[in-house]
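An overview of the molecular structure
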Amino acid sequence: GGVPPAIDLVLGATAGCLACFLTNPLEVVKTRLQLQGELQPPGTYHRPYRGVLRAAVAVCRADGLRGLQKGLAAGLLYQGLMNGVRFYCYSHAEDAGWTGYPGGTVAAGAVAGAVGAIVGSPAYLVKTHLQAQTLSAMAVGHQHNHENISSAFRNIYQQHGVVGLWRGVTGAVPRVAVGSAVQLATFASAKDWVCERQWFRTGSWAAVLAGGMVSGVAVAVTMTPFDVISTRLYNQPVDADGTGKLYRGFLDCILQISSKEGLLGLYKGLGAVYLRLGPHTVLSLFFWDKLRNM
């Protein structure tokens, strides 16, 4: 508390971008793992990406070291928009006293995350397209073949209009709403808990990191299925009218993945999700908390 919502917008965007720059390589690996074997039974498809470390090496071999930072510009834009709006809305909820009610932190985090997801959805769409692109021998999922971030936005707009830029948002809203609710609620609770037991001093960087680490585990476990669905909806090929060729929507995506890939298909790339979300949660909340104190 004590920080105006407008300032929190800037601080939240800055924190998200700083965390994104450091964790984008894991986002690239996560995207490839989640698209691998799309709608194919386990064990029936070629796996160019096996595990987080071997997948990172495979990305480097195919695209060079720069391949690990594919989609960085779009990722920074997404994190700036989504986190700026998310922390702005959450700060408003704090000022209004809503987070003081039972379940208020979870509700405020969910609503703030949903609004942030809607605002940042076009950037996430482009980020997913760019991170999936690679050599044909290593390609997984549909290849959109954009030259760069600006041509990606231009191509999508020219082909499908403004509405096309928000394709896949039905997967993004529950993904970020759930992740944001769990992240902000567990971060605040965990940070207070370790301080109450006098393990760390209130306001210390160690208490912030401890809260972020606990929050990262909770976010990864709850968010992975939504993350897989979101990646699939964003990356799928579409008809001339913008209709998805693989999935009709959020629920259809869940049903198809579960029936064709098994329930574990919803947890594809779990290791990469945690290794990416864990540090990203810790870093973004650490930067946000410290920037607020400054």
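Rules used in this analysis
- Residues numbered from 1 in each chain as written.
- Predicted model: local features only at pLDDT ≥ 70, side-chain atom pairs only at ≥ 80, totals over all residues.
- Heavy atoms only, no water.
- Phe/Tyr/Trp six-rings, centres within 6.5 Å; stacked < 30°, edge-to-face > 60°.
- Helix = DSSP H or I, 4+ residues; strand = E, 2+ residues; numbered from the N terminus.
- Buried < 20%, exposed > 50% of the residue type's maximum accessible area, 1.4 Å probe, protein only.
- Lys NZ or Arg CZ within 6 Å of the ring centre and 35° of its normal.
- UniProt positions renumbered as here; feature names shortened; annotations may be inferred.
- 1 Å grid on protein atoms, 1.4 Å probe; cavity = no way out; pocket = protein on both sides within 12 Å on 5 of 7 lines; lining within 4 Å.
- Points joined across faces, edges and corners; volume = space filled by probe spheres on them.
- Nonpolar A, V, L, I, M, F, W, Y, C, P; charged D, E, K, R; others polar.
- Salt bridge = Lys/Arg side-chain N within 4 Å of Asp/Glu carboxyl O.
- Contact = heavy atoms within 4.5 Å.

Re the packing of aromatic side chains
This model, assessed by the stated rule, comprises 4 aromatic pairs. Seen in terms of ring centroids, phenylalanine 226 and phenylalanine 250 are 6.3 Å apart; in terms of plane orientation they differ by 15 degrees. Their pairing is stacked. Pair noted here: phenylalanine 226 is in helix α7 (residues 205–235) and phenylalanine 250 is in helix α8 (residues 250–261), with a separation of 24 residues, a long-range link. The partly exposed category is assigned to phenylalanine 226, whose relative accessible area is 23%. Through a chain of ring-to-ring contacts, three or more aromatic side chains come together here, namely Tyr78, Tyr124 and Tyr234. The ring of phenylalanine 87 carries the charged tip of arginine 86 above its face, separated from the ring centre by 4.7 Å. Just above the ring of tyrosine 124 sits the side chain of lysine 127; from NZ or CZ to the centre is 4.2 Å.

Observations regarding the UniProt feature "repeat: Solcar" (unreviewed entry) in the protein
Those residues carrying the UniProt feature "repeat: Solcar" (unreviewed entry) are residues 3–96, 100–193 and 203–294 in this numbering. Between the first and last C-alpha atoms of residues 3–96 the distance is 13 Å; the span itself is 71% helix and 0% strand. End-to-end, the C-alpha atoms of residues 100–193 are 16 Å apart, and along that stretch the chain is 74% helix and 0% strand.

Observations regarding empty space enclosed by the protein
Picture a little ball the size of a water molecule; that probe, rolled over the atoms, points out where space is still empty. By the definition in use, this model includes 2 cavities of 30 Å³ or more. Taken as a whole, the largest cavity holds about 170 Å³ of empty space. Together, 17 residues line the largest cavity, and Met82, Arg86, Gln183, Met223 and Leu277 are the ones closest to its centre. Elements that contribute at least two residues to the lining of the largest cavity include exactly α3 (72–95), α6 (169–196), α7 and α9 (270–293). Taken together, the residues of the lining of the largest cavity sort by class into 6 nonpolar, 8 polar and 3 charged. Taken as a whole, the second largest cavity encloses approximately 60 Å³ of empty space. Contributing to the lining of the second largest cavity are Cys20, Thr23, Asn24, Glu27, Gly75, Tyr78, Gln79, Tyr124, Lys127, Gln131, Arg276 and His280.

Focus: the pattern of salt bridges
All chains considered together, the criterion is met by 10 salt bridges. Arginine 32 serves as the salt-bridge partner of aspartate 63, at 3.2 Å between the closest nitrogen and oxygen. Residue aspartate 63 is located in helix α2 (residues 52–63), and its partner arginine 32 is located in helix α1 (residues 5–35); the two are separated by 31 residues in the primary sequence. Note on aspartate 63: relative accessible area 21%, which makes it partly exposed. Within this structure, Glu27, Lys30, Lys127, Arg175 and Asp227 form a network of salt bridges that share partners.

Brief notes about the environment of leucine 291
The residue leucine 291 is located in helix α9 in this model. In this structure the C-alpha to C-alpha distance between leucine 291 and leucine 76, which are 215 residues apart in sequence, comes to 18 Å. In contact with leucine 291, not counting residues within four places along its chain, are Leu11, Thr14 and Ala15.

Points about the layout of surface pockets
The space that makes up the largest pocket amounts to roughly 230 Å³. Lining the largest pocket are 13 residues, with Glu94, Phe187, Lys191, Asp289 and Arg292 sitting closest to its centre. Listed by contribution, the elements that provide at least two residues to the lining of the largest pocket are α3, α6 and α9. Examining the composition of the lining of the largest pocket, we find that 5 residues originate from one element, α6, more than from any other. The class makeup of the residues in the lining of the largest pocket is 6 nonpolar, 2 polar and 5 charged.

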